[in-house]
Amino acid sequence: ATTIPLERQLEQTSVRVGGVEAPLYFVSPGQINAQVPYEARPGDTVSIVVNVGGRLTSPQNYQIAAAQPGIFTDSLGAAILDEQFRRITSTNPARVGRVLQIFAGGLGDTIPPAGSGEALAGGSDTTFPVSVSIGGIDAPVQYDGLAPGYVGLYQVNVIVPAGVVAGPAVPVLLRQNGIPANPAQNITISVAP
């Protein structure tokens, strides 16, 4: 995608979620990245159909959850940055008392709401609060909402709490509405002594 609001068709491809054309981030021969439209409400069971050049997939049914948090990761680790927007790594470890910016998806509705495929210019608040622990200690959450200027990207700002034991792989656990983010992954960061 090159525009905001996101287009509903890219490369002759569209995705229908519960009767609504989903905003598309990316389309390639082996991958489609789409936003679940906000019109799909928690508790709904929706049918998802992909249309590529007029060829339709068989409908697949999915239930919409109020929240399904997930911290973004790649081959370098978690999308967790310091207050200067530098990625937390072994050469740029987190520090007690400093702000971390955690970037995630699946945190659901916000106040004010964003439209499907749209970005908010300013901040927002998630309707279900987010909690974060670092090294097993609760980290004060300063912000949990959509990242301004981005579609469907959530930002959670926390302060690294006192008492966190320094190390190269300190666990970070984000929860929302009782649901842990990345349950099949160990999200860790490097924390300076």
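Above this text sits the structure in question.
Residues numbered from 1 in each chain as written. Predicted model: local features only at pLDDT ≥ 70, side-chain atom pairs only at ≥ 80, totals over all residues. Heavy atoms only, no water.

**A closer look at the overall build of the protein chain**
Secondary structure assignment for the protein chain yields 0 helices and 21 strands. In summary, the protein chain has a C-alpha radius of gyration of 18 Å against a globular reference of 16 Å for 193 residues, a match within 12%. With the C-alpha coordinates aligned to their principal axes, the bounding extent of the protein chain is approximately 60 × 30 × 30 Å. Taking the intrachain contacts of the protein chain between residues at least 6 apart in sequence as the baseline, contacts between residues at least 24 apart amount to 51%. (Helix = DSSP H or I, 4+ residues; strand = E, 2+ residues; numbered from the N terminus. Rg over C-alpha atoms; globule rule 2.2 N^0.38 Å. Contact = heavy atoms within 4.5 Å.)

**Overview of the pairing of strand 18 (residues 154-159)**
Buried residues dominate strand 18, accounting for 5 of its 6 residues. For strand 12 (residues 99-105) and strand 18, the ladder comprises 6 bridges, and the chain directions are antiparallel. Residue Q101 lies in a different strand from strand 18, and its bridge partner there is N157. In this sheet, strand 18 lies alongside strand 17 (residues 141-146) in antiparallel orientation, the contact comprising 5 bridges. Counted as the bridge partner of Y143 is N157 from strand 18. (Buried < 20%, exposed > 50% of the residue type's maximum accessible area, 1.4 Å probe, protein only. Pairing = 2+ DSSP bridges.)

**Section: unusual backbone geometry**
The omega torsion across I4 and P5 is 5 degrees, close enough to zero to call that bond cis. The residue P5 is located in the segment before strand 1 (13-17) in this model. Of note, the amide linkage connecting I111 to P112 takes the cis form, showing an omega dihedral of -5 degrees. Among the structural elements, P112 can be located in the loop between strand 13 (110-111) and strand 14 (125-126). If you check the backbone angles, Q12 has positive phi at about 60 degrees while not being a glycine. For Q12, the position within the fold is in the segment before strand 1. Classification of Q12 as exposed rests on a relative accessible area of 58%. If you check the backbone angles, N182 has positive phi at about 50 degrees while not being a glycine. As for its position among the elements, N182 is in the loop between strand 20 (179-180) and strand 21 (188-191). Given the relative accessible area of 10%, N182 is considered buried.

**Digging into the environment of A181**
Within the secondary structure, A181 is located in the loop between strand 20 and strand 21. Expressed as a C-alpha distance, the spacing of A181 and G70, which sit 111 residues apart in the sequence, is 4.5 Å. Beyond its immediate sequence surroundings of up to four residues, A181 is in contact with P69, G70, I71, L173 and L174.

**Description of the layout of surface pockets**
Of the pockets and cavities examined, the largest pocket occupies roughly 750 Å³. What lines the largest pocket is a set of 27 residues, and nearest its centre among them are V36, Q68, G105, G106 and L107. A per-class count over the lining of the largest pocket returns 17 nonpolar, 8 polar and 2 charged. By volume, the second largest pocket amounts to about 160 Å³. (1 Å grid on protein atoms, 1.4 Å probe; cavity = no way out; pocket = protein on both sides within 12 Å on 5 of 7 lines; lining within 4 Å. Points joined across faces, edges and corners; volume = space filled by probe spheres on them. Nonpolar A, V, L, I, M, F, W, Y, C, P; charged D, E, K, R; others polar.)

**What about the nonpolar core?**
The biggest cluster of nonpolar side chains holds 29 residues, and the ones touching the most others in it are I80, L100, I102, V132, I134, L174 and I189. At the level of secondary structure, the elements contributing two or more residues to this core comprise strand 12, strand 15 (130-134), strand 18, strand 19 (167-176) and strand 21. Residues in contact with L174, not counting those within four places in the same chain, are P69, I71, I102, L107, V130, S131, V132, V156, I179, P180 and A181. V15, V27, V50 and I64 belong to the second-largest nonpolar core, a separate cluster that totals 10 residues. (Core = buried A, V, L, I, M, F, W, Y, C linked by side-chain atoms within 4.5 Å.)

Interpretation in functional terms is not warranted from these geometric data alone.
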